[in-house]
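Fold and geometry: a report
In case you want the letters, here they are:
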Amino acid sequence: MKTFRNFIAGAWTEPSTGEYFDNVNPADTTDVVGRFPLSGTEDVDRAVASARRGFERWRRTPAPARGDVLRRVGDLMTQRKEEIAELMTREMGKPLTETRGDVQEGIDTAYYAATEGRRLFGHTVPSEMPSKWAMSFRRPIGVCGIITPFNFPLAIPTWKMFPALLCGNACVFKPAEDVPHTGTVLVEILLEAGLPPEVIQLVHGVGETVGKAIVEHPDVPAISFTGSTETGRFVGETCGRMHKRLSLEMGGKNAQIVLDDADLDLALEGVIWGAFGTTGQRCTATSRLILQRGIHDNFLGLLVDRARAMKLGDGRKAGTDVGPLISEAARRKVEHYIDVGQAEGGDLLCGGRRGQGRGLERGHFFEPTIFARVSAGARIEQEEIFGPVLSVVRVSTPEEAFAVNNGVKYGLSSSLYTRDVNLAFRALQELDNGITYVNAPTIGAEAHLPFGGVKQTGNGHREGGWEVYEFYSETKVGYVDYSGTLQRAQIDNYLGTPD
Ligand code: NAD
């Protein structure tokens, strides 16, 4: 079995602890992908010290040249797309069609970042005074701590690291402990593309040790975290106390609304993909379905038939619709919510149990599950389960549907199926989410648009698109007075005095 290493101070190194953990295929727990470092705080200290040196060099590299490195990263990922998709499916379970999409998102993010190297716009504005120039421009921040979840092992690290690097920062990267192999390959590609070695540091290990040490390190002024709202709260408390710049992307409880006038075939495709893609382990997964009274019974019947027909299995095998959950702990959490849903009086229409037969017992499989007659406010309608569990709520009017959508603490994504253009535009205004899709599922963000959520999903920042470059750079303002005299802002008057 292969033993992997950290990448610290320009070299592939063993962890200071001398300890390792096994990375296991969730579709077959007898298949061990490799051994990865169980690093300690000493490794983080070395990584940060090296990243500070890397930053001093990289921040002076012209932004278009930094962009060229990221273009080569995009080229290398394109060449290795199939291989990366395969190894990603092996370590986290989602089917190859999805892991290919995950890699493609990284490629798109690389090419977007490459071109941003020739923009990174500031402003020039008129000064109040003659012979004075006023402008703003962008400067990098320093060492950025990058902490990522398991469900998008490549795309999410690229959303963070590529704009951070393009802006001239150095990164200390801690991938989720369930997906260290994909994180390692990404760092290999960055180095092969020509990134100076000390600009990137890779430290494997558990969040409570390595992640925490990065967040608490005084020489890491910016943290970008994607993960659960619970972990994000700890991260946020520390960053608040230490006055750090912080981007949080956290949990979701996303709803698809289907109104009486909707194209039901289209809505059906949407909810099957939104609820059970990635085995429900997406921050944007459809975990609630809000059906208007007129189509409720008919739609539910069609949906249950489709969910029952979905094929569980190894994501690398053709014909697999649904892969495993990431871990046994994740499956136990889902099972706990099955008990909660039944105790709350939800009507369990399908699923609710582990995958069985055809070798499924070797992995963390769980059947697509649908609860009907769920009340707005029930725990399974409110709390993030992060598995293939869909709660269906019946409503009478579009207004009621909007209120149910908004009645949760999260606010990432929502979806509305209707043919009424007026309602569609009203929904864009009324639904409390960072993203609303009309006649499309709750999942499917594109790399060149801002991505993120409101309420307890985020803290106001966005990933993706143009906005993320503001997170990874500071605005600096420069005034150049070439009048040769003292000109006092707000005091001297250049309008000319009336006679
Ligand atoms: P998680 O919170 O368990 O872990 C996320 C990362 O944080 C991991 O790398 C982990 O090692 C690290 N971590 C754990 N404890 C830490 C600590 N005390 N200090 C610093 N880092 C620590 O999340 P997960 O199970 O990997 O991912 C699932 C969650 O992520 C879900 O809640 C999902 O909604 C969310 N998510 C959100 C988005 C989004 O963009 N909003 C995208 C993907 C996933």
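All figures in this text were calculated on a predicted structure; none of them were measured in a lab.

By the definition in use, this model includes seven aromatic pairs. Consider the rings of Trp-159 and Phe-451, whose centres lie 4.8 Å apart with planes at 50 degrees: the pair is tilted. One end of the pair, Trp-159, is in helix α5 (residues 155-166); the other, Phe-451, is in the loop between β19 (435-438) and β20 (454-455), and 292 residues separate them in sequence. Feature note: the residues Phe-4, Phe-21 and Phe-36 constitute an aromatic cluster, connected by ring pairs. Its guanidinium or amino end placed over the ring of Phe-152, Lys-94 lies 3.8 Å from that ring's centre, counting from NZ or CZ. The ring of Trp-273 carries Arg-282 above its face, with NZ or CZ at 5.3 Å from the centroid.

A word on the site of the ligand. Near the ligand lie 28 residues; those nearest to it are Thr-148, Glu-177, Ser-228, Met-250 and Glu-384. At 2.7 Å from an oxygen atom of the ligand is found a main-chain nitrogen or oxygen belonging to Thr-148. At a separation of 2.8 Å, a nitrogen atom of the ligand approaches a polar backbone atom of Met-250. In the complex, 89% of the free accessible area of the ligand, which totals 860 Å², lies under the protein chains. Sorting the residues of the shell around the ligand by element identifies α7 (207-216), β10 (222-226) and α8 (229-241) as the ones contributing at least two each. By residue class, the composition of the shell around the ligand is twelve nonpolar, ten polar and six charged.

Between its terminal C-alpha atoms helix α1 (residues 41-58) stretches 25 Å, which fits the 26 Å expected from 18 residues at 1.5 Å a residue. Turning to α1, its buried residues number three or more, namely Asp-43, Val-44, Ala-47, Val-48, Ser-50, Ala-51, Gly-54, Phe-55 and Trp-58.

There is a patch of nonpolar side chains on the surface, built from Val-421, Phe-425, Leu-428 and Val-438 and spanning about 360 Å² of accessible area. For Phe-425, the position within the fold is in helix α14 (residues 421-430).

What follows deals with the pairing of strand β6 (residues 132-140). Bridging between strand β5 (residues 123-126) and β6 involves four bridges; their strand directions are antiparallel. If you follow Val-125 over to β6, its bridge partner there is Ala-134. Between β5 and β6, which pair antiparallel one after the other, the connecting turn spans five residues, and Ser-131 there sits at a positive phi close to 50 degrees. Looking at chain direction, β6 and strand β21 (residues 473-481) are connected through nine bridges and run antiparallel. Directly across from Ala-134, in β21, lies its bridge partner Tyr-479.

If you look at the biggest cluster of nonpolar residues, it comprises 100 residues, and the most contacted ones within it are Met-77, Met-161, Phe-162, Leu-190, Ile-200 and Ile-223. Residues within four places of Leu-190 in sequence aside, it is in contact with Leu-70, Val-73, Met-161, Phe-162, Leu-165, Leu-195 and Ile-200. Ranked by size, the runner-up nonpolar core spans 29 residues in total, among them Leu-289, Leu-291, Leu-303 and Val-322.

It is worth spelling out unusual backbone geometry at this point. Notably, Thr-279 is not glycine yet its phi reads approximately 55 degrees, a positive angle. Positioned with a positive phi, Asn-439 is a non-glycine residue whose angle comes to about 55 degrees. As for its placement among the helices and strands, Asn-439 is situated in the loop between β19 and β20.

Our next topic: the packing of helix α13 (residues 398-406) against α14. Packing of α13 against α14 leaves a shortest axis separation of 11 Å and a crossing angle of 30 degrees. In terms of orientation, α13 and α14 fall into the roughly parallel class. Where α13 crosses over α14, the two elements pack in a sense that is right-handed. In this structure, α13 contributes Pro-398, Glu-399, Phe-402 and Asn-406 to the contact, and α14 contributes Leu-423, Arg-426, Ala-427 and Glu-430. Looking at side-chain class alone, the contact of α13 with α14 contains four nonpolar, one polar and three charged residues.

What follows deals with the sheet that holds β21. Strands sit in the order β5-β6-β21 across an open sheet of three strands; the sheet is antiparallel. Sheet topology places β5 and β21 at the edges, where each strand pairs with a single neighbour. Ignoring strand direction, the axes of neighbouring strands in this sheet form an average angle of 20 degrees.

Two cysteines form a disulfide when their sulfur atoms are joined by a covalent bond. A full pass over the atoms with the stated rule returns zero disulfides. Lacking any disulfide linkage, Cys-239 is separated from the closest cysteine sulfur, that of Cys-144, by 12 Å.

This brings us to the sheet that holds strand β15 (residues 369-372). Strand order in the open sheet formed by seven strands is β14-β15-β16-β13-β12-β18-β19, and the pairing between neighbours is mixed. Among the strands making up the open sheet, the edge pair consists of β14 (347-350) and β19. On average, each strand axis in the sheet is inclined to that of its neighbour by 20 degrees, with strand direction left out of account. With four bridges connecting them, strand β18 (residues 413-417) and β19 associate as parallel partners. Bridging from a neighbouring strand, Leu-416 pairs with Val-438 of β19. Here helix α11 (residues 328-343) sits on the sheet in contact with β14, β15 and β16 (389-395), set at roughly 20 degrees to β15.

Attention shifts here to the side chain of Asp-43. Inspection of the secondary structure puts Asp-43 in helix α1. No salt bridge forms around the buried Asp-43; measuring N to O, its nearest opposite-charge neighbour Arg-46 is 4.8 Å away. Among the polar contacts made by the side chain of Asp-43, one reaches the main-chain amide nitrogen of Gly-40 at a distance of 2.8 Å. The residues contacting Asp-43, other than those within four sequence positions of it, are Asn-6, Ile-8, Glu-14, Pro-15, Ser-16, Thr-17 and Val-203.

Structurally, the position occupied by Thr-89 is in helix α3 (residues 81-92). We classify Thr-89 as buried; its relative accessible area is 1%. With sequence-adjacent residues up to four places away left out, Thr-89 is seen in contact with Lys-94, Pro-95, Leu-96, Thr-99, Gly-315 and Arg-316.

Right, let's get into the environment of Pro-140. With respect to the helices and strands, Pro-140 occurs in strand β6. Overall, the relative accessible area of 18% leaves Pro-140 in the buried class. Distance from Pro-140 to Asn-169, taken between C-alpha atoms, is 5.5 Å for residues 29 residues apart in sequence. When residues no more than four places from it in sequence are discounted, the contact partners of Pro-140 are Phe-55, Arg-59, Cys-167, Gly-168, Asn-169 and Tyr-472.

The rules behind these values
- Residues numbered from 1 in each chain as written.
- Predicted model: local features only at pLDDT ≥ 70, side-chain atom pairs only at ≥ 80, totals over all residues.
- Heavy atoms only, no water.
- Phe/Tyr/Trp six-rings, centres within 6.5 Å; stacked < 30°, edge-to-face > 60°.
- Helix = DSSP H or I, 4+ residues; strand = E, 2+ residues; numbered from the N terminus.
- Lys NZ or Arg CZ within 6 Å of the ring centre and 35° of its normal.
- Near = heavy atom within 4 Å.
- Polar contact = N/O pair within 3.5 Å; in protein donor to acceptor, adjacent residues only side chain to side chain.
- Areas by Shrake-Rupley, 256 points an atom, 1.4 Å probe, with all protein chains shown as cover.
- Nonpolar A, V, L, I, M, F, W, Y, C, P; charged D, E, K, R; others polar.
- Expected span 1.5 Å × (residues − 1).
- Buried < 20%, exposed > 50% of the residue type's maximum accessible area, 1.4 Å probe, protein only.
- Patch = residues over 30% accessible without salt bridge, like charges linked within 9 Å, V, L, I, M, F, W, Y side chains within 5 Å.
- Salt bridge = Lys/Arg side-chain N within 4 Å of Asp/Glu carboxyl O.
- Pairing = 2+ DSSP bridges.
- Core = buried A, V, L, I, M, F, W, Y, C linked by side-chain atoms within 4.5 Å.
- Contact = heavy atoms within 4.5 Å.
- Axes fitted to C-alpha atoms, helices over the stretch in contact; angles between N-to-C directions.
- Parallel < 35°, antiparallel > 145°, perpendicular 65-115°, else oblique.
- Left-handed = near helix turned anticlockwise from the far one by under 90°.
- Disulfide = S-S within 2.5 Å.
- Lys, Arg positive; Asp, Glu negative; His and termini not counted.

Nothing here speaks to function; it is all geometry.
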